[in-house]
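Read off the chains here:
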Amino acid sequence: MFGYQKQTFLKLPTPVSFLPNLSERLDIQLYMKRDDLTEFGGGGNKLRKLEYLLHDAREKGATMLITVGGAQTNHGRLTAAVAARNQMKCAIICMDDYPGELSANLLLDRIFGARVILHKPDGTPLADVVKDTIKAYESRGERCYFIPMGGSNEIGALGYYECARELKNDFKSGHVIVPLGSMGTYMGLFCGLHGSGLKLTGIQIMPYEENIFSYARNYFQEINDAWKLGITAAETDFDIETDYLYGGYNLPSEEVRNAIYDMARSEAIVLDPCYTGKAYAALLDMIKQEKIRKGETIIFIHTGGFPGVYTPAHRKAFEAELMDGITIL
């Protein structure tokens, strides 16, 4: 695609599920694109990106994948899984404090054999830590391939250009809702859905240091140039909801937990508290605010991330609310 190749290891397309109970109650036609059901490592959206990134790494002779993220990064977990499956080494650099226990994604990283470097956020530039880590491993004979946060560059975004083609095969019109973190998933979809009958809205789930619309415009231009798409986009073309941070990145939120309960108790689908739970909470509010019309066809992208419910801060908040349903005899 656009001169790029991938190492195929996923069974695509992912399924689309109609959610009948929520559709009836919310008075919309609600579908879910199940990218949480991709194989390996617990599944999730980053695997689509990693098909393309892995091919590039292998072409460059890499023996080790290096990536970055928070202590509970979903992308790090899936990079570790892909490295294990391909018998490569992996290191995940986290500019984050140790969360107090080895659990959730952090535990899975180690189960997959990845090394995790937790660097206390003390002002040290991430680029310096990455450079030093790569230098250390290459001095031991490894050939390192660096993958940016979330796999979000012009190569990783190809995975969601491909997903957009799947969506266009299933829907001629509708409104696609997706969590927006490092933006690779959103931007791949944006480029792939351009000119179609499908509207795309990204739900911002973490703060940006710069204006998010300016960032989107610059990222789009990088992709447009690399892929030679020959299309144009202004900042106003990016439909991004910025009002649903719920306190910040990956912080416990009662509204988000209530949205997770709603999805689980209505459709038996588990969302996560960092990405998809926040995006679904936003969707519910958008219906209240009439940003989403009654009867509208909504396609919600489930990007995975289920281990997030087991992170210490989130798990304790869930426990406090749910223990009243536990009977100990």
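Rules and cut-offs
- Residues numbered from 1 in each chain as written.
- Predicted model: local features only at pLDDT ≥ 70, side-chain atom pairs only at ≥ 80, totals over all residues.
- Heavy atoms only, no water.
- Buried < 20%, exposed > 50% of the residue type's maximum accessible area, 1.4 Å probe, protein only.
- Helix = DSSP H or I, 4+ residues; strand = E, 2+ residues; numbered from the N terminus.
- Pairing = 2+ DSSP bridges.
- Right-handed = clockwise from strand over helix to strand, strands pointing away.
- Expected span 1.5 Å × (residues − 1).
- Arc of directions from axis to C-beta.
- Contact = heavy atoms within 4.5 Å.
- Polar contact = N/O pair within 3.5 Å; in protein donor to acceptor, adjacent residues only side chain to side chain.

Here's the deal with the pairing of strand E4 (residues 89-94)
Here comes step 1: Most of E4 sits inside the fold, with five of its six residues counted as buried.
Here comes step 2: Examined bridge by bridge, strand E3 (residues 64-69) and E4 share six bridges and lie parallel to one another. Residue pairing across strands places Gly-69 opposite Cys-94, the latter belonging to E4.
Here comes step 3: What joins E3 to E4 is helix H3 (residues 74-85), and the crossover it makes is right-handed.
Here comes step 4: Pairing of E4 with strand E5 (residues 115-118), which is carried by four bridges, proceeds in the parallel orientation. Bridge pairing links Ala-91 to Arg-115 in E5.
Here comes step 5: You can see the chain leave E4, run along helix H4 (residues 104-111) and come back into E5, and the turn it takes is right-handed.

Focus on helix H8 (residues 212-227)
Here comes step 1: Taking 1.5 Å as the rise per residue, H8 with 16 residues should run 22 Å; its terminal C-alpha atoms sit 22 Å apart, in good agreement.
Here comes step 2: Those residues of H8 that sit buried are Ile-212, Ala-216, Tyr-219, Phe-220, Ile-223, Asn-224 and Trp-227. Looking down the long axis of H8, one finds its buried residues gathered within 140° of arc, a one-sided arrangement.
Here comes step 3: Where H8 is buried, its residues meet helix H6 (158-170), strand E7 (174-180), helix H7 (184-193), strand E8 (198-204) and strand E9 (240-241).
Here comes step 4: Residue Asn-211 occupies the N-cap position of H8, its side-chain oxygen lying 2.9 Å from the main-chain nitrogen of Phe-213.
Here comes step 5: Just downstream of H8, Lys-228 is the residue with a positive phi angle, here 55°.

Everything listed here is a matter of geometry and, on its own, says nothing about what the molecule does.
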